[in-house]
Amino acid sequence: MKKQYRYYSVEYKQRILAEVESGERRQSSVAREEGISSSLIDRWRQQERNGTLSGRVTPQERQQAKDLDWYKKKVAEQALEIDLLKKIAAYSARMKKSNGCIVTARNVVRLKKDVG
């Protein structure tokens, strides 16, 4: 049999933490009255400190995060390709100006710049 997990809203978690932090009620009494464990409240407190106290992530949000990562990777690859194509175009233009394969003193200086 599959274990059933209970999910709590962010508002509920914040309300419980506010009660405990303000000193209105003790953590153990809040846990007992709400039917949750004291360690769960500790975990929520730690998540709040880390900034990770949030609601449940839906499968749609998970898929959107994967898609976003894929698109970021594609954009990075395309940026590299564009940079390479620009360099190739500049090199090709310099080679056309250098009188082809005839080696002169002027061409040697330009070729050294391309290599170095």
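Above this text is the structure in question.
Source: prediction; values computed, not measured.

1. Some thoughts on the nonpolar core
Y8, Y12, I16, L17, V20, V30, A31, I36, L40, I41, W44 and L53 form the largest nonpolar core, which has 12 residues in total. At the level of secondary structure, the elements contributing two or more residues to this core comprise α1 (10–22), α2 (27–34) and α3 (38–50). No other element matches α1, which puts 4 residues into this core. Dropping the residues within four chain positions of it, I41 is found in contact with I16, L17, V20, Q27, V30, A31 and I36.

2. Re the side chain of K13
Summarising the element assignment, K13 is placed in helix α1. The side chain of K13 sits in the buried core without any salt bridge; E11 is the nearest counter-charge, 9.6 Å away. Contact partners of K13, with chain neighbours within four places excluded, come to Y8, W44, L53 and S54.

3. Regarding a nonpolar patch on the surface
A surface patch of nonpolar side chains, amounting to about 310 Å² of accessible area, comprises L84, L85 and I88. Locating I88 in the fold gives a position in helix α4 (residues 59–97). Judged by relative accessible area, which is 47%, I88 ranks as partly exposed.

4. Here we look at the packing of aromatic side chains
Throughout the structure, instances matching the rule amount to 4 aromatic pairs. Aromatic side chains Y8 and Y12 sit 5.3 Å apart centroid to centroid with 15° between the ring planes, which places their arrangement in the stacked category. One exposure class covers both Y8 and Y12, and it is buried. By way of ring pairs, the aromatic residues Y8, Y12 and W44 are connected into one cluster.

5. Regarding the pattern of salt bridges
Close approach of charged atoms allows side chains of opposite charge to pair. This structure, assessed with the given rule, holds 7 salt bridges. Residue R15 pairs with E19 through a salt bridge whose shortest N-O separation is 3.1 Å. Linking R15 with E19, this pair stays in helix α1, spanning 4 residues, or about one helical turn. On the accessibility criterion, E19 (11% relative accessible area) is buried. E34 serves as the salt-bridge partner of R15, at 4.0 Å between the closest nitrogen and oxygen. In this pair, R15 sits in helix α1 while E34 sits in helix α2, placing the two residues 19 residues apart along the sequence. For R15, a relative accessible area of 37% puts it in the partly exposed group. Exposure remark for E34: the relative accessible area of 26% places this residue in the partly exposed category. Salt bridges here are not isolated pairs; linked through shared partners, they connect R15, E19, R25, E33 and E34.

Cut-off values and rules
Residues numbered from 1 in each chain as written. Predicted model: local features only at pLDDT ≥ 70, side-chain atom pairs only at ≥ 80, totals over all residues. Heavy atoms only, no water. Core = buried A, V, L, I, M, F, W, Y, C linked by side-chain atoms within 4.5 Å. Buried < 20%, exposed > 50% of the residue type's maximum accessible area, 1.4 Å probe, protein only. Helix = DSSP H or I, 4+ residues; strand = E, 2+ residues; numbered from the N terminus. Contact = heavy atoms within 4.5 Å. Lys, Arg positive; Asp, Glu negative; His and termini not counted. Salt bridge = Lys/Arg side-chain N within 4 Å of Asp/Glu carboxyl O. Patch = residues over 30% accessible without salt bridge, like charges linked within 9 Å, V, L, I, M, F, W, Y side chains within 5 Å. Areas by Shrake-Rupley, 256 points an atom, 1.4 Å probe, with all protein chains shown as cover. Phe/Tyr/Trp six-rings, centres within 6.5 Å; stacked < 30°, edge-to-face > 60°.

Keep in mind that these numbers describe shape and distance, not what the molecule does.
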